[in-house]
Amino acid sequence: DVKVTQSSRYLVKRTGEKVFLECVQDMDHENMFWYRQDPGLGLRLIYFSYDVKMKEKGDIPEGYSVSREKKERFSLILESASTNQTSMYLCASSLAGGATGTQYFGPGTRLTVL
Amino acid sequence: AQSVTQPDIHITVSEGASLELRCNYSYGATPYLFWYVQSPGQGLQLLLKYFSGDTLVQGIKGFEAEFKRSQSSFNLRKPSVHWSDAAEYFCAVGEIGGADGLTFGKGTHLIIQP
């Protein structure tokens with residue numbers, strides 16, 4: 001089974017702090033994604049990466065950056081956390097190409113910014 | 001740009017009754033369609049997916065979905081629901097290769113009455 005793990009299930013940070021959310025997948029997937037989930041808004045794509053050191057902006061990249069130094073690890077960075085970034089953050093991965101666009105999700109990190 | 005609409009925010013069904021969750025999509029080419037389920041406090045689990053071929057697809061936990069191109073729909077069905085089916089259900093659309101992330105609907109919250 002594909003396993004996607006996220007470093008924390010719950011995180012509480014203060015406004016202005018730099019926050020790192022880590023995601024690791026163990027199935028050698030090329031593609032990795034970060035979404036945020038908010039009630040009534042569903043999931044929205046923040047950033048994605050289709051290869052090491054490659055990154056692409058999703059629908060809501062403002063206030064976030066990402067890092068992918070190794071194939072299995074994809075980090076989401078909040079340079080200066082703000083209260084409107086309080087949310088559930090979900091990481092996902094998928095194989096590249098063809099009919100293999102199925103994404104596998106981690107358990108999520110619930111971030112609260114005070 | 002692609003979009004997904006789940007018209008029902010909440011649905012309440014009696015245990016043992018049949019279920020249909022609606023999903024309509026907008027996409028320029030042949031879509032890849034997915035249904036995911038999210039139990040409280042958990043990540044997303046894939047229920048089923050449609051890429052091509054037979055328009056009626058079977059998934060896990062007794063769910064099925066039917067792709068209707070003429071109606072741009074991909075409705076999820078189950079003949080008899082169980083209390084453990086109470087969860088949030090998300091419909092999503094993606095592109096060939098899956099490198100650019102999925103576009104999700106806002107979700108339908110399923111409540112099961114005893």
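The structure displayed is predicted, hence computed values, not measured ones.

Draft legend 1. Looking closely at the packing of aromatic side chains. Tallied over the entire structure, the rule returns 16 aromatic pairs over all chains. The interplanar angle of 25° and the centroid separation of 4.5 Å between the aromatic rings of Tyr50 of chain B and Phe67 of chain B together place this pair among those described as stacked. Within this pair, whereas Tyr50 of chain B is found in strand β6 (residues 44–50), its partner Phe67 of chain B is found in strand β8 (residues 64–68), the two being separated by 17 residues in sequence. The class of Tyr50 of chain B is buried, set by a relative accessible area of 5%. The class of Phe67 of chain B is buried, set by a relative accessible area of 4%. Through a chain of ring-to-ring contacts, three or more aromatic side chains come together here, namely Phe33, Tyr35, Phe48 and Phe105 of chain A together with Tyr32, Phe34, Tyr36, Phe51, Phe90 and Phe104 of chain B.

Draft legend 2. Broad picture of the environment of Gly105 of chain B. Relative to the helices and strands, Gly105 of chain B resides in the loop between β11 (103–104) and β12 (108–113). The spacing of Gly105 of chain B and Asn24 of chain B is 81 residues in sequence and 8.9 Å in space, taken between C-alpha atoms. For Gly105 of chain B, the contacting residues outside a window of four places in its chain are Gly42 and Leu43 of chain A together with Val4, Gln6, Phe90 and Cys91 of chain B.

Draft legend 3. Seen up close, the pairing of strand β5 (residues 32–38) of chain B. Residues and elements named next belong to chain B. Within β5, seven of the seven residues are buried, which leaves the element mostly enclosed by the surrounding structure. Here β5 shows a buried face lined by Tyr32, Phe34, Tyr36 and Gln38 and a second buried face lined by Leu33, Trp35 and Val37. With seven bridges joining them, β5 and strand β10 (residues 87–94) adopt antiparallel strand pairing. The partner of Val37 across the bridge, within β10, is Tyr89. Counting the residues between successive antiparallel strands, the hairpin from β5 to β6 contains five residues, one of them, Gly41, with a positive phi of roughly 75°.

Draft legend 4. Representation of the side chain of Ser75 of chain A. In this structure, Ser75 of chain A sits in strand β8 (residues 73–78). Within the structure, the side chain of Ser75 of chain A is placed 2.6 Å from the side chain of Glu22 of chain A, a separation counted as a polar contact.

Draft legend 5. Representation of the pattern of salt bridges within the structure. Residues and elements named next belong to chain B. Counted according to the given criterion, the structure contains 10 salt bridges over all chains. With a shortest N-O distance of 2.9 Å, Asp8 and Arg22 are connected by a salt bridge. Of this pair, Asp8 sits in the loop between β1 (3–5) and β2 (10–14) while Arg22 sits in the loop between β3 (19–21) and β4 (24–26), placing them 14 residues apart in sequence. Its relative accessible area of 18% is what places Asp8 among the buried residues. The class for Arg22 is partly exposed, based on a relative accessible area of 38%. In this structure, Glu66 and Arg77 form a salt bridge, with 3.3 Å as the shortest nitrogen-oxygen distance. Linking Glu66 in strand β8 with Arg77 in strand β9 (residues 73–78), this pair joins segments that are 11 residues apart in sequence. By relative accessible area, Arg77 is classed as partly exposed at 23%.

Draft legend 6. Representation of the state of the cysteines. On inspection of all chains with the given rule, the structure shows two disulfides over all chains. The residue that forms a disulfide with Cys23 of chain A is Cys91 of chain A, at a sulfur-sulfur distance of 1.8 Å. When the S-S torsion is -75°, as for the bridge of Cys23 of chain A with Cys91 of chain A, the disulfide is left-handed. In this pair, Cys23 of chain A sits in strand β3 (residues 19–25) while Cys91 of chain A sits in strand β9 (residues 87–94), placing the two residues 68 residues apart along the sequence. For the pair formed by Cys23 of chain A and Cys91 of chain A, the shared burial category is buried. At a sulfur-sulfur separation of 1.9 Å, the disulfide partner of Cys23 of chain B is Cys91 of chain B. Handedness of the Cys23 of chain B-Cys91 of chain B disulfide follows from its S-S torsion of about -65°: it is left-handed. With a gap of 68 residues between them, Cys23 of chain B in the loop between β3 and β4 and Cys91 of chain B in strand β10 connect regions that are remote in the sequence. Neither residue differs from the other here; Cys23 of chain B and Cys91 of chain B are each classed as buried.

Conventions adopted
Counting of residues starts from 1 at the beginning of each chain's written sequence and follows it residue by residue. Labels follow written order: the first chain is A, the first ligand is 1, and so on. Totals for whole chains, interfaces and linings use all residues, but because this is a predicted model, local features are given only for residues with pLDDT of at least 70 and pairs of side-chain atoms are given and counted only at 80 or more. The basis for the side-chain values is all heavy atoms of the structure; hydrogens and waters are excluded. By convention, a stacked pair of Phe, Tyr or Trp rings (six-membered ring in the case of Trp) has centres within 6.5 Å and planes under 30 degrees apart, an edge-to-face pair has planes over 60 apart, and any other such pair is tilted. Comment: elements are numbered from the N terminus, with helices defined as DSSP H or I runs of at least four residues and strands as E runs of at least two. Residue burial is assigned from relative accessible area. The probe radius is 1.4 Å, only protein chains are included, and a residue is buried under 20% of its type maximum, exposed over 50%, and partly exposed in between. What makes two residues a contact is simply this: any of their non-hydrogen atoms within 4.5 Å. In this scheme, strands are said to pair when DSSP sees at least two bridges between them. N or O atoms within 3.5 Å of each other form a polar contact, as long as, within protein, one can give a hydrogen and the other can take it, and as long as residues adjacent in sequence are counted only when both atoms are side-chain atoms. Any Lys or Arg side-chain nitrogen found within 4 Å of a carboxyl oxygen on Asp or Glu counts as a salt bridge. Note on terminology: disulfide denotes any pair of cysteine sulfur atoms within 2.5 Å.

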